[in-house]
Amino acid sequence: MEELPFEIYSGYFDKVIGALYIVTIAEGLPGNIVAFSFFFKKRQKSLVNRLYMIMSVIDTVICFTSLAIPPSLFTERSPALLGIPAICTMFRVVFKCFQRLSIGLVLILSISRTVTILNPLGRKINHTTPIVLFFIYLVYQLVEVFTLYHYVDYKYMQRDVFCWESSDQVILWKIQDFLHMASMGLPMIAILVSLFLTVYVLIRSIRHESDSGTSSGSASQSAKKEQTRRATVTVLIVTVIYIIFNIPLCVLYMLYLYPFTEYDYPGKFFNSWYMYWYVWNFTEVMSVTINSAINPVVYYFRFSQYRRWLTSRKEHLTSSSLKRSDVTRSNNFVIANTDTAS
């Protein structure tokens with residue numbers, strides 16, 4: 001790769017991006033840790049709640065890994081990744097692996113909700129099957145990432161926000177980026193199909209009940225339908241947000257693979273170095289981190305139990321703090337009286 005023209009990037013824009021990273025991580029990291037605590041402590045764990053719990057773990061790791069990015073954005077991108085070359089490989093492998101896991105989890109979450117709404121009063125989905133499928137996907141991603149790790153060099157850049165993958169063998173580039181695109185593109189297509197099918201069935205169900213004037217079935221069945229719909233809307237919100245923040249990376253991989261017929265980087269669609277400085281950073285790292293930070297906000301507004309749990313935890317912490325304060329004042333009073341008596 002030719003020498004990078006450092007003078008074309010904007011230091012001011014870098015600081016804006018860095019500030020956005022800090023705000024995103026400051027909200028997303030503790031937010032996902034708290035969300036995990038909530039889903040983990042729930043006594044009755046449905047399949048969806050288990051998937052949300054796993055998602056909160058993935059989002060926590062993504063936000064934590066992104067902590068290495070902001071410092072270089074405030075120091076003219078030098079030193080990159082805290083000036084520690086060892087972080088280069090760790091960042092690329094860990095972040096990419098968990099980013100791929102997130103799309104597999106959203107796929108399972110979306111499909112399970114589609115099956116549920118297609119048969120709302122039927123037999124419940126077995127919890128084991130989706131979880132097993134997710135762990136099979138996990139093993140596949142680990143094999144892909146760590147196999148390529150042995151054949152692809154992770155080049156530490158003295159002046160950038162993360163390192164870049166490089167290899168002397170063109171075929172490895174093609175295989176690697178094709179696998180990246182397949183790992184993102186194929187699940188994304190399945191998610192979109194599941195999303196549209198779920199929306200279609202949901203709208204038809206609502207229209208049918210609206211036309212009939214009353215909901216069919218007993219009161220318990222109607223309550224179960226309403227509960228299912230609310231849970232479905234929550235899954236739809238999580239899925240749509242995921243698509244918004246992750247589909248740009250799928251598109252970018254497709255555009256990136258296009259010039260491989262000539263292998264002349266940056267190629268037809270990447271002839272501007274602004275693409276190098278900003279587009280990859282936004283689509284591959286920043287948008288994924290923002291998505292991870294938004295999920296706890298969705299949980300807060302969609303789960304009334306979550307809000308009540310947070311309120312109870314806040315009241316408990318406030319009560320404990322007041323008790324400690326009372327004990328401290330009482331001890332100080334006793335000490336003061338003892339000194340006065342002596």
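Residues numbered from 1 in each chain as written. Predicted model: local features only at pLDDT ≥ 70, side-chain atom pairs only at ≥ 80, totals over all residues. Heavy atoms only, no water.

This part is about the overall build of the protein. From N to C terminus, the protein includes 9 helices and 2 strands. Each helix and strand of the protein, ordered N terminal to C terminal, gives the series α-α-α-α-α-β-β-α-α-α-α. The buried share of the protein, taken over its 342 residues, is 45%. Put simply, 82% of the contacts in the protein that link residues at least 6 apart link residues at least 24 apart. Roughly 18400 Å² of accessible area belongs to the protein as shown, and the carbon and sulfur atoms make up 66% of that amount. (Helix = DSSP H or I, 4+ residues; strand = E, 2+ residues; numbered from the N terminus. Buried < 20%, exposed > 50% of the residue type's maximum accessible area, 1.4 Å probe, protein only. Contact = heavy atoms within 4.5 Å. Areas by Shrake-Rupley, 256 points an atom, 1.4 Å probe, with all protein chains shown as cover.)

We now examine the packing of helix α1 (residues 11–41) against helix α2 (residues 47–65). Axis separation between α1 and α2 bottoms out at 8 Å; the angle between their running directions is 150°. On the basis of their axis angle, the class for α1 and α2 is roughly antiparallel. Pair α1 / α2 crosses with left-handed handedness. Within the contact between the two elements, α1 uses Ile25, Gly28, Leu29, Asn32, Ile33, Ala35, Phe36, Phe39 and Phe40 and α2 uses Asn49, Tyr52, Met53, Ser56, Val57, Asp59, Thr60, Cys63 and Phe64. (Axes fitted to C-alpha atoms, helices over the stretch in contact; angles between N-to-C directions. Parallel < 35°, antiparallel > 145°, perpendicular 65-115°, else oblique. Left-handed = near helix turned anticlockwise from the far one by under 90°.)

Here we take up the packing of aromatic side chains. The geometry of an aromatic ring pair comes down to the distance between the two centres and the angle between the two planes. Following the criterion strictly, the structure yields 12 aromatic pairs and no others. Both rings, one in Phe36 and one in Phe40, keep their centres 5.6 Å apart while their planes meet at 25°; by these two values the pair is stacked. One end of the pair, Phe36, and the other, Phe40, are both in helix α1, 4 residues apart, so they sit about a helical turn from each other. Aromatic pair Tyr306 and Trp309: ring centres 6.3 Å apart, planes at 15°, arrangement stacked. Placement of both Tyr306 and Trp309 in helix α9 (residues 304–341) is noted, with a separation of 3 residues, approximately one turn of the helix. Assigned by exposure class, Tyr306 and Trp309 land together as buried. An aromatic cluster of three or more residues is present, and its members are Phe38, Phe39, Tyr52, Tyr299, Phe303, Tyr306 and Trp309. (Phe/Tyr/Trp six-rings, centres within 6.5 Å; stacked < 30°, edge-to-face > 60°.)

Here the focus is the environment of Val288. Note on placement: Val288 falls in helix α8 (residues 273–302). Under the relative-accessibility criterion, Val288 is labelled buried at 2%. Separated by 193 residues in sequence, Val288 and Phe95 place their C-alpha atoms 9.6 Å apart. Residues in contact with Val288, not counting those within four places in the same chain, are Ile62, Phe95, Gln99, Phe245, Asn246 and Thr283.

Keep in mind that low pLDDT regions are not for reading the predicted coordinates in detail. Residues of the protein with pLDDT of at least 70 account for 65%, and the chain-wide mean is 76. Least confident of the elements in the protein is strand β1 (residues 153–155), whose mean pLDDT is 55; most confident is α2, at 91. Note that pLDDT drops below 50 for residues 1–6; the model gives that stretch 12 contacts with residues more than four away or on any other chain. (pLDDT = per-residue confidence, 0-100.)

On to the nonpolar core. Within the largest apolar cluster, 64 residues are counted, with the highest numbers of intra-cluster contacts made by Tyr21, Phe39, Tyr52, Leu109 and Tyr299. Of all the secondary structure elements, the ones that give two or more residues to this core are α1, α2, α4 (85–118), α5 (128–151), α6 (170–212), α7 (219–257), α8 and α9. With 12 residues, α4 is the largest single contributor of residues to this core. Other than its neighbours up to four places away in sequence, Tyr52 contacts Phe39, Leu109, Thr234, Val235, Val238, Tyr299 and Phe303. (Core = buried A, V, L, I, M, F, W, Y, C linked by side-chain atoms within 4.5 Å.)

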